[in-house]
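# Notes for the structure review
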Amino acid sequence: DAMVIQNPRYQVTQFGKPVTLSCSQTLNHNVMYWYQQKSSQAPKLLFHYYDKDFNNEADTPDNFQSRRPNTSFCFLDIRSPGLGDAAMYLCATSLEPLAEYNEQFFGPGTRLTVL
Amino acid sequence: AQKITQTQPGMFVQEKEAVTLDCTYDTSDQSYGLFWYKQPSSGEMIFLIYQGSYDEQNATEGRYSLNFQKARKSANLVISASQLGDSAMYFCAMREGQNQGGKLIFGQGTELSVKP
């Protein structure tokens, strides 16, 4: 089945130790999104890739970076995780963002713990 | 700026009864899309239903229907015949204007608990 896969599902890192979260998709979608969702809060968009074009949200800290080496994969890099970065990180994809109907397909998320 | 408001932090419903989850939105765009997602405790966001701003009929998907009142800027989710498996967080979301990369703005969510 076509899907969005995130690895790992649970990630524990130490304060200040770089960490990379992975997302892959078999949907062949043009757009990949990264959301941060803190406990009991709504998901918040960090950035997205439209094909190779990177689009950063204005309030996304520099500590968060992303890479998309090909259509299928997208990575979220946190250069120096702080305690406040502990959250669920959700990856999503969509086919065509300019279409009025633009469903986003979400992966299962990676729950990040910072010690 | 676009905004989504869900005023019910938590809701309870008896199994087999219907429940309405409220969502109001604010936008100056003429073209927009409204989505409802379900998020179980496992964390995955599951798409439920979509309503486009130009759709004249309310969207329905199985036990889910969307009560779209454009003039009031509301897009309430109605779940009929609630099941125990419906217990989850429910998020209303709006796609911003077409030049925003399909970005979704989420409301704060409503936690639904279905009682046996």
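Relevant structure appears above.
The following refers to the structure shown. Since this is a predicted model, take the numbers as computed values, not measurements. Chains are numbered independently. Their residues run from 1 in the order of the written sequence. Naming scheme: in the order in which they are written, chains are lettered from A and ligands are numbered from 1. Where totals are concerned, whole chains, interfaces and linings use all residues; where local detail is concerned, this predicted model gives features only for residues with pLDDT of at least 70, and gives and counts side-chain atom pairs only at 80 or more. Note: side-chain values were computed over all heavy atoms of the structure, leaving out hydrogens and water.

### Observations concerning the overall build of chain A
Selection criterion: Secondary structure elements follow DSSP: runs of H or I no shorter than four residues count as helices, runs of E no shorter than two count as strands, and numbering proceeds from the N terminus. The globule rule used here is 2.2 Å times the number of residues to the 0.38 power, and the radius of gyration it is set against is calculated over C-alpha atoms. Buried means the residue's accessible area, taken with a 1.4 Å probe over protein chains only, is under 20% of the maximum for its type, while exposed means over 50%, and partly exposed covers the values in between. Only heavy atoms enter the contact rule, under which two residues are in contact if any of them lie within 4.5 Å. For the accessible areas, the method is Shrake-Rupley and the probe is 1.4 Å, while residue cover comes only from the protein chains on display. When charges are counted, neither His nor the chain ends are considered; positive counts come from Lys and Arg and negative counts from Asp and Glu. For the purpose of locating charges, the reference atoms are NZ of Lys, CZ of Arg, CG of Asp and CD of Glu.
The helix and strand inventory of chain A stands at 0 helices and 11 strands. For chain A, the succession of helices and strands along the chain, N to C, is β-β-β-β-β-β-β-β-β-β-β. A compact globule built from 115 residues should have a C-alpha radius of gyration of about 13 Å, and chain A, at 13 Å, falls within 12% of that. Sorting the 115 residues of chain A into buried and exposed places 50% on the buried side. Taking contacts inside chain A between residues at least 6 apart in sequence as the whole, the part at least 24 apart equals 56%. A total accessible area of about 5,500 Å² is found for chain A, and carbon and sulfur atoms account for 51% of it. The centroid of the 9 positive side-chain charges in chain A is displaced by 11 Å from the centroid of its 11 negative side-chain charges.

### Quick word on unusual backbone geometry
Across the junction of Asn7(A) and Pro8(A), the peptide omega takes the value -10°, indicating a cis bond. Position of Pro8(A) among the secondary structure elements: in the loop between strand S1 (4–7) and strand S2 (10–13). Positive phi, normally seen in glycine, also occurs at Lys16(B), with a value near 80°. For Lys16(B), the location among the structural elements is in the loop between strand S2 (10–14) and strand S3 (19–21). Take Lys16(B): its relative accessible area is 70%, and that puts it in the exposed class. Phi is positive for Lys73(B), close to 55°, though the residue is something other than glycine. Secondary-structure assignment places Lys73(B) in the loop between strand S8 (64–69) and strand S9 (74–79). Overall, Lys73(B) belongs to the partly exposed group, its relative accessible area being 29%.

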